[in-house]
Amino acid sequence: GPQSKMNLLAVVAVLGVAGLGDSALHGVGVRADPSTNNANPPGPPPCNGGFCSSLVHYPVQGTFHYAEFNVPKLPVKIGPTFFVYYNIDWQGAGPKGSWARMNQFVPQLMLGNPLDGSSGAPDYKPLWNKRDTWVFGAQYFFELFNVTKNATQAHAATGTTYNTSEGETIFTSFELSKDWVWTLSMGVKGDPTRLSTVVADKPFMGLLPESQTKSWSEDIYSKAWSNTCWELYGIGSPDNYPGTNQRTTLTIKNPTPGAIEWGNWTTRQATCPGAPVSSITNRQTSTEQTVVWDVNRPSTSIP
């Protein structure tokens, strides 16, 4: 009910996740595993463990999103939960007055106790699993208000979860077909056998009444926010971070010259001891933008 939701959100506030602001808009906190995080002590977080780039707005029609990043070395101390991703989402989540509360396409690299599964149709209930090595999968995460229970509830549609390991390159793509169907893909470059997909033919997988929303062609979905994140829960020491650097390269294309007024990308920093340092650059032509987001080990080791 609403009380358990409030407990979860209160708990999440102490986890050392990415700070408020851009990343909070992307649902930092709502995907933490309630069973593992309720044991955290109350009080303010000692530091921000995760970090995100800024949010940048793009029209969806004709726009193709593609990202690649390398899988870093596993942390020395496994435990905290990692969601590493390039995602797009909508704010507001759906039409005004609807039960939509969050609407996020978020294929991701994961570790710890991630939300990485789903009960599937008809309820799309989220499932959490313990992961001691890197895994990845496509995911459509959304929240809807349940009028009967007077509570906002999480839902997830997920593709197959696959193992991956240090040095492999993971790609993410978002494609909107001419008949308004979204396909979310995440896979290992060079290995077609590990391809995780979610096909979303309707907003919220059709869980809202058609009187509220029925097609991605509606105006509320005409522009989406993009950003990159390391969404982390429970960072306690420098050994909880990966041992190598990571680079994410984004390519956002629209074949119509000048169709997109390209936004400038910036990035935030983590504040926990031993956290990697992020930097970002972007360049663009009339039809394409390339963004490079580097997450690098600190040059001086912190004892």
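Residues numbered from 1 in each chain as written. Predicted model: local features only at pLDDT ≥ 70, side-chain atom pairs only at ≥ 80, totals over all residues. Heavy atoms only, no water.

K.L.:
For this particular structure, what's the right way to read the confidence of the model for the protein chain?
P.N.:
One rule of thumb: low pLDDT means the predicted coordinates there are not for detailed reading. Taken over all residues, the pLDDT of the protein chain has a mean of 88, while the share at 70 or more is 86%. pLDDT under 50 marks residues 1–27. Its contacts with residues more than four places away, or in other chains, come to 72 contacts. (pLDDT = per-residue confidence, 0-100. Contact = heavy atoms within 4.5 Å.)

K.L.:
Quick question: what am I supposed to make of the state of the cysteines here?
P.N.:
What we call a disulfide is simply a covalent bond connecting the sulfur atoms of a pair of cysteines. Applying the stated criterion across every chain, the model contains 2 disulfides. The disulfide partner of Cys52 is Cys229, and the S-S distance across this bridge is 1.9 Å. A torsion of 105 degrees about the S-S bond marks the disulfide between Cys52 and Cys229 as right-handed. Note that Cys52 is positioned in strand E1 (residues 51–52) and Cys229 in strand E16 (residues 223–233), a separation of 177 residues in sequence. Like Cys52, the residue Cys229 is buried in the burial classification. Here the bonded cysteines of the protein chain are numbered in sequence order, and their pairing is 1-4, 2-3. (Disulfide = S-S within 2.5 Å. Helix = DSSP H or I, 4+ residues; strand = E, 2+ residues; numbered from the N terminus. Buried < 20%, exposed > 50% of the residue type's maximum accessible area, 1.4 Å probe, protein only.)

K.L.:
Sorry if this is basic, but what is going on with the environment of Phe64 here?
P.N.:
Among the secondary structure elements, Phe64 is positioned in strand E3 (residues 64–70). Between the C-alpha atom of Phe64 and that of Glu175, which follows or precedes it by 111 residues, the distance is 5.8 Å. Excluding residues that lie within four positions of it along the chain, Phe64 makes contacts with Ser173, Phe174, Glu175, Thr251, Ile252 and Lys253.

K.L.:
Would you take a moment to explain the pairing of strand E13 (residues 169–176) for this structure?
P.N.:
On a regular strand, one side chain projects to one face of the sheet and the next to the other, so that they alternate. Most of E13 is tucked away, with 6 of its 8 residues classed as buried. For E3 and E13, the ladder comprises 6 bridges, and the chain directions are antiparallel. Within E13, the residue paired with Tyr66 across the bridge is Ser173. Sheet topology places E13 next to strand E14 (residues 182–188); 7 bridges connect them, and they run antiparallel. Directly across from Ser173, in E14, lies its bridge partner Ser185. The antiparallel hairpin formed by E13 and E14 contains 5 residues in its connecting segment, where Trp180 sits at a positive phi of about 65 degrees. (Pairing = 2+ DSSP bridges.)

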